[in-house]
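# Chain and residue survey
Below are the chains, spelled out letter by letter.
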Amino acid sequence: MKTIFTGMIILLTTITLSSCKPKAYVENIKDPIKISKKINTYNDIAKFIAGVPVSKSSKLHPYTQLIKYMKYKSKMEKSWKSFTTINISNMLKWRKKQLPKNYNKTIFYPFSGPDILHGTVFYPNGTDFIMFGLEPTGPIPNPLALPTKKILHHLKGLPIALNFILRHNFFVTKDMQKEIGATNYSSITGVLMFFLARRGYTIHDIKSITIEKGKLLNKKTTRLQVKKFKTIIPGVEIIFSTNNDDYRRLRYFSLDIANNSKQVDNFISYVSLYPQTSTIIKSASYLMHLKMFSKIRNVILQKSNYILQDDSGIPYRFFKNKNNWKVSYHGKYHKPITPFKYFLQKDLKNAISKHTTGKLPFRYGYGYGYKTITYHVIFATKHNSNKQLNDSNKK
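Residue positions within a chain follow its written sequence, with the count starting from 1. Owing to the predicted nature of the model, reporting of local features is limited to residues with pLDDT of at least 70; listing and counting of side-chain atom pairs is limited to 80 or more, with chain, interface and lining totals taken over all residues. With hydrogens and water excluded, all non-hydrogen atoms of the structure serve as input to the side-chain values.

## Considerations on the confidence of the model for the protein
Per-residue confidence from the prediction method is given by pLDDT, with values spanning 0 to 100. With 83% of its residues at a pLDDT of 70 or more, the protein has an overall mean of 85. Residues count as neighbours in contact if any of their non-hydrogen atoms are within 4.5 Å of one another. Scored below 50 in pLDDT, residues 1–23 makes zero contacts in the model with residues more than four places away or belonging to other chains. When the criterion is pLDDT under 50, residues 175–179 qualifies, and its contacts beyond four places in sequence or with other chains add up to seven contacts.

## Some details on the packing of aromatic side chains
Two rings belonging to Phe, Tyr or Trp (six-membered ring only in the last case) form a pair when the distance between their centres is within 6.5 Å. Interplanar angles under 30 degrees mark stacking, angles over 60 mark edge-to-face geometry, and anything in between is tilted. Tallied over the entire structure, the rule returns 27 aromatic pairs. Ring geometry for W94 against F362: centres 5.4 Å apart, planes inclined by 75 degrees, an arrangement best described as edge-to-face. With a gap of 268 residues between them, W94 in helix 4 (residues 67–98) and F362 in the loop between helix 13 (346–355) and strand 10 (376–382) connect regions that are remote in the sequence. Ring geometry for F129 versus F240: centroids 6.2 Å apart, planes at 40 degrees, classification tilted. Of this pair, F129 sits in strand 2 (residues 128–133) while F240 sits in strand 5 (residues 233–241), placing them 111 residues apart in sequence. Classification of residues uses two cut-offs on accessible area relative to the type maximum, computed with a 1.4 Å probe and protein chains only: under 20% is buried, over 50% is exposed, and between them is partly exposed. Assessed through its relative accessible area of 2%, F129 is described here as buried. Its relative accessible area of 0% is what places F240 among the buried residues. The rings of F108, F111, F132, F253, F267, Y270, Y274 and F293 are connected pair by pair, giving a single aromatic cluster. The ring of Y103 has K105 sitting right over it, with the charged end atom 5.1 Å from the ring centre. Starting at the N terminus, helices and strands are each numbered in turn, a helix being any DSSP run of H or I of at least four residues and a strand any DSSP run of E of at least two. Placement of a charge over a ring requires the Lys NZ or Arg CZ to be within 6 Å of the ring centre, with the centre-to-atom vector within 35 degrees of the ring normal.

## Observations regarding the packing of helix 4 against helix 9 (residues 188–198)
An axis is simply a line fitted to the C-alpha atoms; with a helix, the fit covers only the stretch in contact. Between two such axes, the angle follows the N-to-C directions and lies from 0 to 180 degrees. Orientation of helix 4 relative to helix 9, taken along the N-to-C sense of each, is 70 degrees, at an axis distance of 13 Å. The angle between the axes of helix 4 and helix 9 places the two elements in the roughly perpendicular class. Together, M76, E77 and W80 of helix 4 and F194, F195 and R198 of helix 9 make up the contact between the two elements. When residue character is reported, Ala, Val, Leu, Ile, Met, Phe, Trp, Tyr, Cys and Pro are called nonpolar, Asp, Glu, Lys and Arg charged, and the others, Gly included, polar. For the contact of helix 4 with helix 9, the residue count by class is four nonpolar, no polar and two charged. Orientation categories follow fixed angle ranges, with anything under 35 degrees roughly parallel, anything over 145 roughly antiparallel, 65 to 115 roughly perpendicular, and all other angles oblique.

Encoded structure:
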């Protein structure tokens, strides 16, 4: 009798504790994107590190009136203006003419690093952005948690981290590993915030997330935990919007996506939960030309209805002579730069030469240091994707 009574107590205690335990899993992916409450702090921080005017009511505003910050702001403004004049404005004009108005609003950007910039430029109506790279998310910047002397001092790390992309339009992984996260503001999360603020978005919420057993958890994962448990995938989630827009969501994950990685199957299980995507691939180091990255390549081909990419993405042979893909060609093919010289694609070169819509009016992909470089992209549309999209919009 005593044993039965003790067992009942243990059972009731277990039920009580489990019922009090907060739910760890994030809402169903198909549910509307929402936040628990609006917090202006993250938006103020993003504007502060981006050199964009901060609200006068913000605790960060007094720091923006200091000479040191004004010099920083002027420097960032000059770099951004130069970059947008050369590239972004031309991209926006080109996409309006060459890419479809309607597309799947879930945007997949493999091998992206912190480059939310091009995801929002080429798919401006995207609502859910899935990104990943090797680089850890780093801390969520919080200037007011720093000693007063370091609030402005830490700003010097961000221009260094951004320097390459603002001049050459892509990230280099080995350089990012040196510069990203060197200061509180130059983490992957900080760079994402910079680009969103510069593009005029409002940031409502930021939190750490983790993929575990193919499901998303609202929790932070340390590098030690990743090293110990190997399959878990740390990430960061940012909820943002335009002024008169519904909430949008960005999720960046830090992982090794090679076939032999302990994380890859976990990530693929999670991505499979999403609806069909519109995909962008840029400066992807030709990794998906290799057998050891076939898993992520296959997932992209299966999940994507639209793919915008340069030659460093999925090999052209997966698109040509296939009844399920229609491809448009833009720009002029240029052989891969020296580090990737073995990935020359003669079939792609011939196809672009024969069917190109003309010169690409912006930089896309690799080409720094080469005065005679030309740029190209292809846009692949999966067969029946437009019909599926129209049918889903009618529901």
